[in-house]
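Residue-level structural notes
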Number of protein chains: 2
Amino acid sequence: MIKIGILGYGNLGKGVEKAIIKNKDMELVAIFTRRNPNNLNVLTKSAKVLSVDVIEEYKDKIDVLILCGGSATDLPVQTPKYVKLFNVIDSFDTHAKIPEHFENVNSSALSSGKIGIISVGWDPGLFSLNRLYANAILPDGKDYTFWGKGVSQGHSDAIRRINGVKDAKQYTIPVENALNAVRSGMNPDLSTRQKHTRECFVVLEDGADRNQVEHEIKTMPNYFADYDTTVHFISEDELKKNHSAIPHGGFVLRSGKTSDENSHIIEYSLKLDSNPEFTSSVLVSYARAAYKLNKEGVSGCKTVFDIAPKYLISKTDEEIRKTML
Amino acid sequence: MIKIGILGYGNLGKGVEKAIIKNKDMELVAIFTRRNPNNLNVLTKSAKVLSVDVIEEYKDKIDVLILCGGSATDLPVQTPKYVKLFNVIDSFDTHAKIPEHFENVNSSALSSGKIGIISVGWDPGLFSLNRLYANAILPDGKDYTFWGKGVSQGHSDAIRRINGVKDAKQYTIPVENALNAVRSGMNPDLSTRQKHTRECFVVLEDGADRNQVEHEIKTMPNYFADYDTTVHFISEDELKKNHSAIPHGGFVLRSGKTSDENSHIIEYSLKLDSNPEFTSSVLVSYARAAYKLNKEGVSGCKTVFDIAPKYLISKTDEEIRKTML
């Protein structure tokens, strides 16, 4: 059994717990939290629920620690810190800061002899893998990534910060015509506006000015100004009833030529009922890889690009060659 | 520059030559053939065209030899033989015999210190990779593979062997309703007949009995009897004009649950103008991996499951983390 620890018990931590239940070669040993451990209601009765303050005591009782904090402030500190004690996995997703994060984690990991796999999930993660495979195979081609239909946490938060907004959910929606133009091999040049639309469901505070709120959303730079945005005002009950789920997904396509005559389309897509549960399942499969690779003596910071696929699965090399090749 | 040799100059060998032209870090050194080298009209004027009899002289002049023979009789002999001299790549696709082929190639490769990557292409190959990744991430789920729309060489050959048939092309076509049922997350149980249909374009010999030929096709065990098959009789000119291309493709899907509430669909698809040119492009990217891994001291038989994605591409680890993650 691979012994797993979870740090952070929000949506992602809860998803990791559920993913461990689905993987028979793994055991959840402990959940570490910055909150009062007594306030956590966990599914796995055999797991300890502990303050993060005692995490060091688990140094030799856990094979892999899965870090379930956020990319803004948690992971830049936690990943380099905890890879000194544990093999770790994180889902660091601030694309622009990945090189810096990699260096920080790598130097800690090399000194401790542990492995830290960063930026695991679906984007970055599975989408990145598909970009890499498709680029390697079709060097003369063009990449497209579409996201959605799904809830963007960042955009929902941005709406919630507007004066007069009580609550909000924002969906990112890929434009079907743009997607089909790519699939047809037309290699279109697509602007931001042509690729995605944004749909917002907003609950107003009593007495708020709906025209003012709608205007503020639609003109918000970076988040909405470059998109065709629709705003719906709904009741708090309706938001709870119809918009509580966290679906997401998307498409990675590459269109490329192997000769003047012949073009090809490689398409990868995800349709996810729950973004955090799926992301967690990816984290857990890379936790298995971290465990196996560290047993082989590998240390340092790694990404999905560095991990041979066989390490992700709980079957022998003979089995996968026989049943999956 | 990575120095490549090609053994066999049929559709696949020609595709490898075109793929090398698209990859700036590679150079085609020589094409080896069992035919008279003077009869080959190759694209790469700088490449030598030689009899396979002199291949041993190129032992130290070629980094990777790409084997472009067939799985029935060529590769079972060639791959174990030539991995004694070269790093090799093959596209061995007799699924049931992969374990045996692996063992033969592995013992030769370990003794020579070379690497042999077998069963490279799209199925086996990229489809296998997607089955593995999706199974590792969603252990509680169900796999589906659909092929087509595309030309099946094996089925076209089977029709050509019927008395009275002059020429033929067979297309394998996935059933759209079945595909959509899988995409909807219904987890259907699908029979052979429900997944694919077969469409045949047949040119008859003068005086052949079209009813007899149609009956023989539709009742042929293994090839057609289990499918809804349509047969069209056309002229030789029409076959040449409309059915000379070798398109193919297909879909790998996995539908799985991460909890009682939440299901997810992972879908990978290929739409290929030319099956051999695309397969060749996959072979060439794994040739790069064989070169890099052997430089690192790795030897033995490998499959796509054993190769970390970064080895496939001609960019540094820093570049791919910065631009593709």
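Below: a short report on this structure. Not measured: the values here are computed from a predicted model.

**Things to note about the overall build of chain A**
Each helix and strand in chain A was counted, giving 11 helices and 14 strands. In terms of C-alpha radius of gyration, chain A reaches 22 Å, essentially the compact-globule figure of 20 Å for 325 residues. With respect to the principal axes defined by its C-alpha atoms, chain A has extents near 60 × 60 × 35 Å. A total of about 13800 Å² of accessible surface is found on chain A, and carbon and sulfur atoms cover 45% of it. Taken together, the 41 basic and 41 acidic charged side chains of chain A have centroids lying 5 Å from each other.

**Observations regarding the interface of chain B and chain A**
Each side of the interface is counted separately: chain B has 66 residues, and chain A has 66 residues. Counting the surface lost from both chain B and chain A, the interface buries some 5700 Å², and carbon and sulfur atoms represent 62% of this. Where chain B meets chain A, there are four salt bridges. The shortest N-O distance in the salt bridge between K22 of chain A and D140 of chain B comes to 2.5 Å. Inspection of the chain B/chain A interface yields 27 residue pairs in polar contact (both at pLDDT 80 or more). Residue assignment for the side of chain B that touches chain A shows that the elements contributing at least two residues are α1 (11-22), α3 (98-112), α4 (126-137), β13 (263-272), α10 (275-295) and α11 (317-323) of chain B. Taken together, the residues of the side of chain B that touches chain A sort by class into 30 nonpolar, 17 polar and 19 charged. For strand β13 (residues 263-272) of chain A and β13 of chain B, the ladder comprises nine bridges, and the chain directions are antiparallel. Note that in β13 of chain B the partner of L270 of chain A across the bridge is I266 of chain B.

**Some remarks on the pattern of salt bridges**
Residues and elements named next belong to chain B. Here the structure, examined in full by the defined rule, presents 32 salt bridges over all chains. Among the salt bridges present, the one from E236 reaches K166, with a minimum N-O distance of 3.0 Å. With E236 in helix α9 (residues 236-242) and K166 in strand β9 (residues 165-174), this residue pair connects regions lying 70 residues apart in the sequence. Overall, the relative accessible area of 33% leaves E236 in the partly exposed class. Take K166: its relative accessible area is 44%, and that puts it in the partly exposed class. With its nearest N and O atoms 2.8 Å apart, the salt bridge here joins R183 to E267. In this pair, R183 is assigned in helix α6 (residues 176-183) and E267 in strand β13, connecting sequence segments 84 residues apart.

**Brief notes about the sheet that holds strand β6 (residues 115-117) of chain B**
Residue and element names in this part refer to chain B. If you walk across this open sheet you meet the seven strands as β3-β2-β1-β4-β5-β6-β14, and the pairing is parallel. What marks the edges here is a single partner per strand, and that holds for β3 (48-51) and β14 (300-302). Shown here is a sheet whose adjacent strand axes are inclined to one another by a mean of 20 degrees, direction ignored. Across four bridges, strand β1 (residues 2-7) lies against strand β4 (residues 64-67) in parallel orientation. Bridge pairing links G5 to L65 in β4. Sitting on the sheet, helix α2 (residues 74-82) touches β1, β4 and β5 (87-89), and the angle it makes with β4 is about 175 degrees. In this fold α3 packs onto β6 and β14, with an angle of close to 140 degrees to the strand it touches most, β14.

**A look at the nonpolar core**
Residues Y286 of chain A together with Y286 of chain B are the most contacted members of the largest nonpolar core, which totals 158 residues. Leaving out residues up to four positions away in the same chain, Y286 of chain A has contacts with I89, I117, V120, L129, V304, I307 and L312 of chain A together with Y133 of chain B.

**Some remarks on the packing of helix α1 (residues 11-22) of chain A against helix α10 (residues 275-295) of chain A**
Residue and element names in this part refer to chain A. It is the contact of α1 with α10, at a shortest axis distance of 8 Å, that shows an interaxial angle of 60 degrees. As judged from the angle between their axes, α1 and α10 are oblique. The handedness of the crossing between α1 and α10 comes out as right-handed. For the pair α1 and α10, the contacting residues are N11, L12, G15, V16, K18, A19 and I20 in the first and P276, E277, T279, S280, S281, L283 and V284 in the second. Here the residues of the contact of α1 with α10 are counted per class, giving seven nonpolar, five polar and two charged.

Reading the values: the criteria
- Residues numbered from 1 in each chain as written.
- Chains lettered and ligands numbered in written order.
- Predicted model: local features only at pLDDT ≥ 70, side-chain atom pairs only at ≥ 80, totals over all residues.
- Heavy atoms only, no water.
- Helix = DSSP H or I, 4+ residues; strand = E, 2+ residues; numbered from the N terminus.
- Rg over C-alpha atoms; globule rule 2.2 N^0.38 Å.
- Areas by Shrake-Rupley, 256 points an atom, 1.4 Å probe, with all protein chains shown as cover.
- Lys, Arg positive; Asp, Glu negative; His and termini not counted.
- Charge placed at Lys NZ, Arg CZ, Asp CG, Glu CD.
- Contact = heavy atoms within 4.5 Å.
- Buried area = accessible area lost by both parts, 1.4 Å probe.
- Salt bridge = Lys/Arg side-chain N within 4 Å of Asp/Glu carboxyl O.
- Polar contact = N/O pair within 3.5 Å; in protein donor to acceptor, adjacent residues only side chain to side chain.
- Nonpolar A, V, L, I, M, F, W, Y, C, P; charged D, E, K, R; others polar.
- Pairing = 2+ DSSP bridges.
- Buried < 20%, exposed > 50% of the residue type's maximum accessible area, 1.4 Å probe, protein only.
- Axes fitted to C-alpha atoms, helices over the stretch in contact; angles between N-to-C directions.
- Core = buried A, V, L, I, M, F, W, Y, C linked by side-chain atoms within 4.5 Å.
- Parallel < 35°, antiparallel > 145°, perpendicular 65-115°, else oblique.
- Left-handed = near helix turned anticlockwise from the far one by under 90°.

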